[in-house]
Structure formats: C-alpha cells, structure tokens
Amino acid sequence: MADINSLNDIWQQILSSLSEELTPTAMKTWFSEVTPVALTGDRLVIHTPTEFKRNIIEQRFADKIKAILGELFGGAVELVVLAGDEITDFKTAQEVDTGLPEIAGYTFDNFVVGPSNKFAHAAAQAVADKPGSIYNPLFIYGNSGLGKTHLLLAIGQSIHARDPAAKMAYFKGDEFANQMIRSIREGTQEEFRQKYRYVDLLLVDDIQFISGKMGVQEEFFHTFNALYEAGSQIVITSDRPPLEMLKLEDRLRSRFESGLIADVQQPNLETRAAITRAKAIQLGMNLPDDVVDYIAENITANVRQIEGVVKRLTAYRAILGDNIDVEAVKRAIKDVIRVGTYIPTPDVIITETARYFSLDPAELRGQRRSKTTALARQISMYLMRSLTNLSLADIGDQYEGRNHSTVLSSIRKVENFIRSNKDISNTVRDITSNINSRN
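Residues numbered from 1 in each chain as written. Predicted model: local features only at pLDDT ≥ 70, side-chain atom pairs only at ≥ 80, totals over all residues. Heavy atoms only, no water.

1. What to know about the sheet that holds strand 5 (residues 168-172)
Phase 1 of the analysis: Taken together, five strands build an open sheet; the order of strands is 5-6-7-4-8 and the sheet is parallel. In the strand order of this sheet, the two ends are held by strand 5 and strand 8 (260-263), each with one partner. Averaged over all adjacent pairs, the angle separating strand axes in this sheet is 15 degrees, with direction ignored.
Phase 2 of the analysis: Pairing between strand 5 and strand 6 (residues 201-205): five bridges, direction parallel. What sits directly across from Met 168, in strand 6, is Leu 201.
Phase 3 of the analysis: The sheet contacts of helix 5 (residues 118-129) involve strand 4 (138-141), strand 7 (233-238) and strand 8, and relative to strand 8 the element is tilted by about 140 degrees. (Pairing = 2+ DSSP bridges. Helix = DSSP H or I, 4+ residues; strand = E, 2+ residues; numbered from the N terminus. Axes fitted to C-alpha atoms, helices over the stretch in contact; angles between N-to-C directions. Contact = heavy atoms within 4.5 Å.)

Here you go:
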C-alpha cells in the first residue's frame, strides 16, 4: 500500500483499487471529474459536477468505496457525495478547525532568520514541505522567547495552507497531563486518545513538563508510537535537549533522539535589529536606525521582550502622539532594562515545584510531612529565596505561617544538598528551568 499522508493520497488509493475492477472507460466516465473535499471524523466527502453522476456513484460504487475506506482505516467510514453547487454550501457551513491555537503572525514569512536559528528554521521548513517523510520527529529546543513556538506553528500553518483537510493537534506538555487526568476522572480516556492518535500532524510545545510524570509519559509514549507508525509527522519543542531531561523515561528519550534535534540560540545583535524592524513593520511603524540600534543593543534576553517593547512604542505613538526617537524608547523599555530578568511569583514557584514532584501545590503550602513533600517544600523555599526579592518572613507566609527560622533552615539544607547530591542539584536545575519557561 502506498504511503498515505493527505486527503489526495487517500483518494488516489481509492481510485487505484477501483481501477482493478472497472474498465478505463468506466473510470474516466464516472470519476475523472470527482474531487475529494474533506475527511472529517468517520466521513469522506467527495464532489462530482452533476446530479446524474452523483446518483450513479451512490448506486453503483458507494459500497465498494466504503469497503476500501474500511480496509484503509480499519473501521467504518461513511461516504458523502456532493453535486454541483452543493460544495459551496458545504464549505460555508463547515467550521474551519486547524487544530492550531489562534495566534496570528506565526508563519515562516514572519520569522526572522539569523545564525542563531538558521538550522532550526531550515529543518522546520523541510518538515513542512514533506511531513512524515523527513526528520520525524523534529525536536526543537532553546530558552524561552527565542522562537520555538513560532516555528512550531509555522509548520502547522504551512501544511494547512497546502492541505486544508490535514488533521492537526497542538498541545503544551502540561495541558496533555491535565487532559489525561481529566479523562481518567470522567471516564473519557478513549475520546482523549482519539483526539491525538489519529492526526496527520502532532505539535507539542514545552514537552519538558511531562518529565517525571510516569503515567503521563506512558500515555504519550503510546500516542507517539501510534502516530509514528502511521507515518504522521511529530514536532516537539522543549527548553532543553532530551539528554538533559533527567526524569524522562529512556524509551521516550530514545524516540526523541531518533529524529532531528535542532537548537534555537539567543539572537546576535544583527538578528535582534532585523527582528526589531520586522516587528515594527508588522505593527505599521518604520523605526529610525538609531532607535532600532538602541533596542537591539539593550534588549538581549529574547525575541518576546523585543516584541513587547515595539508594542509599547505603538501605544506611545497612538496615545501620546510622541515621535518615536531614542528618548521615547528609553521610556518604553526602562522597566525591562531595570529588571533585566524574569522574576516569578511565589505561586509559580510552588506550582512548578509541586508539578515536578507530582504533588498538589496545597501539599507544599500545608503541614504534610512525607519525605517527598518535605523535600519539595524545602526546594521551593530555596528557589523563592534565589529567584525573588522576598524576605525570609515573606517566604514563610506562603507556607501556612512558617517562621523565618524554618525557612532559613530549609534553604541551608537545600544548599548543602546541591553541593553534595548530584540528583538533587539536577532536580533544582530542572525546576528552575521550568519556572523560567513560564516567562
């Protein structure tokens, strides 16, 4: 059987099977003008120009076509034959659902390529051009705000533009875990699996959030295998390469490493300037060179910060009528430059630490004293002290009124662990990375 990667592949397989039983004249008469329209759920929709041909296809060939579809998909698939202008009404009534989040502008045309992302960009374009047949899976990693999600969604947009009927699914690692848990609680596991195991393209953002969750990793392992064996394309992003995901199962790590791994690094000065210009043009501004240079020289952390600054400048121009000069830029980015780094909230730190240990955040805040909970609580206190400006007393207030001496003792314990215990040192590093990914 030929590879099936699109709606047209399915239709060509059907025509090939029909031609084994029908004469060339019959094939030309009844099927030369038939076009496949959509494959949605368990229904194939095709179109023929006349009512007469529709009647013949339904009366003489529908059962055979449905039998072929049953062999292709291992289950019953209905056939709908549209005739004449019915296709217009069908397309108007059909909801457009690409399976992608509604985030405008995430296309290859809007992605600024530089030395830091050239390889990842080229790999993403290659996958978009030949999904399922090259670089599968594609694993893109890098720090937050450098364009991983942009490339991920650009692949989906490109494939959808070429094949609107292609089935796609997108999720973040933590969303997959939450949806799986909900499906178990509500008894809808099969619906959950159907959602992700029968698509042409699976896009997974921030896969690092499933690390350490054994049940979630088990489910994703089977989802990955089902899609890979069916020839579907899988694209994954993460804040670190598979080798550094310490609590990732070996069998998943080996699958991630079996495809192509591409990193996205911090953009250099020239690329940051190009990104600034591109973002400004998208928002209807043509910035002077000295303004572009000032932004590129001072906003170095990630692309997301550059975009935020440019948006502030549009607000200055629209609301205050200010000229966009270097002084305006200084006002727009003073907070970014002053802070310089992302400062997480206590809630984020507790949530990410609890997530890593598969605990509820309330357990860290409460009085539970199991060994795992105690260690997680101590690490969260250490991270709160390291990553925020909170005092020991303020940190204690996050944990049902623990006093500053308890917090200080916990912090010192973790500091000793980091120096003497490699596993705990790596755990602290992983949780820190997860927290920073929330930026």
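So, next bit.
2. Observations regarding helix 1 (residues 7-19)
Phase 1 of the analysis: If you check helix 1, its first and last C-alpha atoms are 19 Å apart, about what 13 residues at 1.5 Å a residue would give, namely 18 Å.
Phase 2 of the analysis: By the burial criterion, the buried members of helix 1 are Leu 7, Ile 10, Trp 11, Gln 13, Ile 14, Leu 15, Ser 17 and Leu 18. (Expected span 1.5 Å × (residues − 1). Buried < 20%, exposed > 50% of the residue type's maximum accessible area, 1.4 Å probe, protein only.)

3. Describing the pairing of strand 8
Phase 1 of the analysis: In strand 8, alternate side chains face the same way, and those of Leu 260 and Ala 262 are buried while those of Ile 261 and Asp 263 on the opposite face are not.
Phase 2 of the analysis: As judged from the four bridges shared by strand 4 and strand 8, these two strands associate in the parallel manner. Within strand 8, the residue paired with Leu 138 across the bridge is Leu 260.

Read these as layout, nothing more, since geometry by itself doesn't imply function.
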